[in-house]
Each structure stands twice: as structure tokens, then as C-alpha cells.
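Listed here are the chains, written in short residue letters.
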Amino acid sequence: MPLVSMRQLLDEAAKGGYGVGAFNVNNMEQIQSIMEAARETKSPVIIQASRGARAYSQDRFLYHLMIAATEIYPEIPTVLHLDHGNSVETCKSAIEMGFTSVMMDGSLMPDGKTPSSFEYNVDATRQVVEMAHAKGVTVEGEIGCLGGIEDGHGAGLDGLSHLTDPDQAVEFVKQTGLDALAIAIGTSHGAYKFTSKPTGETLKMERLIEIHKRLPNTHLVMHGSSSVPKDLQDIINQYGGKLKPTWGVPVEEIQLGIKNGVRKINVDTDNRLAITGAIRKVFMEKPEEFDPRSYLKPAREAMKKVVALRMTQFGQAGHAGDYTPISLEEMADRYAAVAQ
Ligand code: G3H
Ligand code: 13P
Ligand code: ZN
């Protein structure tokens, strides 16, 4: 089946009361890991690429790898989503290339660092909604800013400085007409989210619940949702790595989110940790190896294990065959009918 719109996956997830992991990729092995995990668990898939991933893969490689994924795994509804689009132009180029969903992250200025004004965010997001919906493509927006600056998608402050304001969230959804809303509740990108297991003081699940009460029909998105498991940290450090002690978002908090309107959960760091640990292990244990497959195969397997586990924990497992994909043309017609 062709790549499908994210809106359909999230609508189905809302009906079924489950969440869908959105996993970042840069290369073939990561795509293979996710698709294999999806086949094993019978899960729908959201694969996302950042601007960095698009540059790394020269865009076209990524696109054609995704087409290969749809050919090899025809039973899996698969979305190609732009993660943290920084401008209307970036979203436009993604749509032109065949992404079936885009994030316009107007919570930050195009530099990806400076918090923007509410008016700027509404204006940029609304422009993307108009352009995307005309083609049946889904739009995710963000209100409030994540913490951290590690990866260039954060305000560089702690995770609590720019939490999402529920009143603004309601207004933002009304004024933009987006499909999914990313909110800031204390998480940040990367491995170093919390210095101890998060509590209600550092991870504001109450805020999420309040936003869901105010916007019961909006699909919520949790960014920075890697759990940074201790066992994956330990493997890296055991084989010569130097990660400092750190905590991520506990899976049970994500599950609480899913009970309260979270439909998309962004995970990148956990997979990076799994890949790096597996490669370090081969390098340390078999220093005579130099065939890249000798370390990329275990890396692919390690990432597949993490993804399959998250798919099961988020509840998307078993749902790949629930529905017939709606074409982007049909999605465009539906958006147009609602707008009239
Ligand atoms: O949102 C951040 C993702 O982890 C992607 O990170 O910009 O380093 O590809 P990246
Ligand atoms: P993590 O760094 O927690 O994996 O978050 C990824 C993310 O939010 C991508 O947009
Ligand atoms: Zn993110």
C-alpha cells in the first residue's frame, strides 16, 4: 500500500484508545528495524525524519527507502512524517517530496532556538495547514517549547520554562485547524532529560491531563519521550562509552498520557542508544572484524527490539490490519468538505 496520512492513523488510534510511536530515521538500517518490528507486532508505523536526517540522506535516498518499505511490508500502514519543520518552506519541500505528514514547529523561530510569539506560530502553522490539507497531508503543530538544545530543537532552557498554557493551546487549535498538537510538559530531546526519576515537579502530567480535558478531540503529541533505559546506558558504558547518569520519561507516564489523549509519541534517543551499544559491543569483543555488516546487523536487531517493545507498550501492536488506507486525494476532499 502507498504511504498513508498520519491523520488516519491517529484517528484510528483515538478510536482504539492507543498511542503510536513515531521513530526517527536517518538510514536504511533504522527503517528496516522499524518495519521488522511492525511486522512482528502487527503495528501501524510512523517514521519521521528531521531536517538533519533529510540533509544526511540527501532527501531522495530517504524517500526511495520509504517506498521500498511500502513494497516489502505492504500489510503495514506507514506514514512518512517531517519532524520539527522550522519554516513554511521546509514543510513545502517535504510535501513536494512525498511526505504524508509534516510538523510545523512554529513554537521556535526558524533558527530552531528562539521562542517565537503566539502570533508568529499561528500564522506559520495556518499557512502550512492550508497548503498541506489541500494535498491531504497531515499537520502537527507545537505550542510551548521543549527544554534542551542538544539537537537544535529546543529553546536551550530547562524543560519547565515554556510549558504549554492550556488557554493558548485551545486558541491555537481553533485558529490553525491542525491535526495534532505537540505540547511542552517538562520533557526535552536527547539523553539528558532528568537528573533523577521524574516526579510531578519535573514532568507535568497534570498539565497534559488539563489540556486534554480542554481539547478532548485533539490528538496530543509527546516529544522527547525516550525512556533512556538503564540497561541501554549500561551496555554503552560497559563497552567504553562515557554516558553520565541520566533519566528519561518512564513508560508508565507515557501510558498515562495515552489514557489522556496522547496519540503520537516521539522516540529517537532510545534507538540511538540501542544502536551505539550494539556497535560498541562488537568493536570491543571482536576487534578483528571490519565488515560493516558484522556490527550493523546486531545494531539493527537491537533497535528492532526497542521499537517492538515500545509498539507493544504504546498499544499499537495488533492494529496494523484494522483499516483500509484512505488515499491522500480522499483526505484532501474530506478537509475541503469540512472547510465549507
Ligand atoms: O527532535 C529531534 C530528533 O531526535 C532528531 O534529531 O535533528 O539530530 O536528527 P536530529
Ligand atoms: P527523544 O530525544 O526523547 O527520543 O525525543 C525525540 C523527539 O522528540 C523527536 O522529535
Ligand atoms: Zn521532538
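Basis of the calculations
Residues numbered from 1 in each chain as written. Chains lettered and ligands numbered in written order. Predicted model: local features only at pLDDT ≥ 70, side-chain atom pairs only at ≥ 80, totals over all residues. Heavy atoms only, no water. Donors = N, O, S within 2.8 Å, 3.2 Å for Na, K, Ca; no water. Helix = DSSP H or I, 4+ residues; strand = E, 2+ residues; numbered from the N terminus. Buried < 20%, exposed > 50% of the residue type's maximum accessible area, 1.4 Å probe, protein only. Phe/Tyr/Trp six-rings, centres within 6.5 Å; stacked < 30°, edge-to-face > 60°. Lys NZ or Arg CZ within 6 Å of the ring centre and 35° of its normal.

A. Layout of the coordination of the zinc ion (ligand 3). For the zinc ion (ligand 3), the full set of protein donor atoms is H84 (NE2), H189 (NE2) and H223 (ND1), at a range of 2.0 to 2.1 Å. Sequence positions of the donors to the zinc ion (ligand 3) reduce to the motif H-x104-H-x33-H. One end of the pair, H84, is in strand β3 (residues 78–85); the other, H223, is in the loop between β7 (219–222) and α9 (230–238), with 139 residues separating them in the sequence. With respect to burial, H84 and H223 carry one shared label: buried.

B. Representation of unusual backbone geometry in the model. The backbone of Q58 shows a phi angle near 55°, a positive value even though the residue is not glycine. Locating Q58 in the fold gives a position in the loop between α3 (51–56) and α4 (60–72). Although it is not a glycine, H84 sits at a positive phi angle of roughly 50°. Taking the relative accessible area as the measure of exposure, H84 reaches 3% and is therefore buried.

C. A look at the packing of aromatic side chains. Under the defined criterion, the tally for this structure stands at 2 aromatic pairs. On the numbers, 4.8 Å between centres and 70° between planes, the contact of F283 with Y295 is edge-to-face. Separated by 12 residues along the polypeptide, F283 in helix α11 (residues 269–285) and Y295 in helix α12 (residues 292–314) bring together distant segments of the chain. Residue classification places F283 among the partly exposed positions, given a relative accessible area of 45%. Just above the ring of Y192 sits the side chain of K244; from NZ or CZ to the centre is 4.9 Å.

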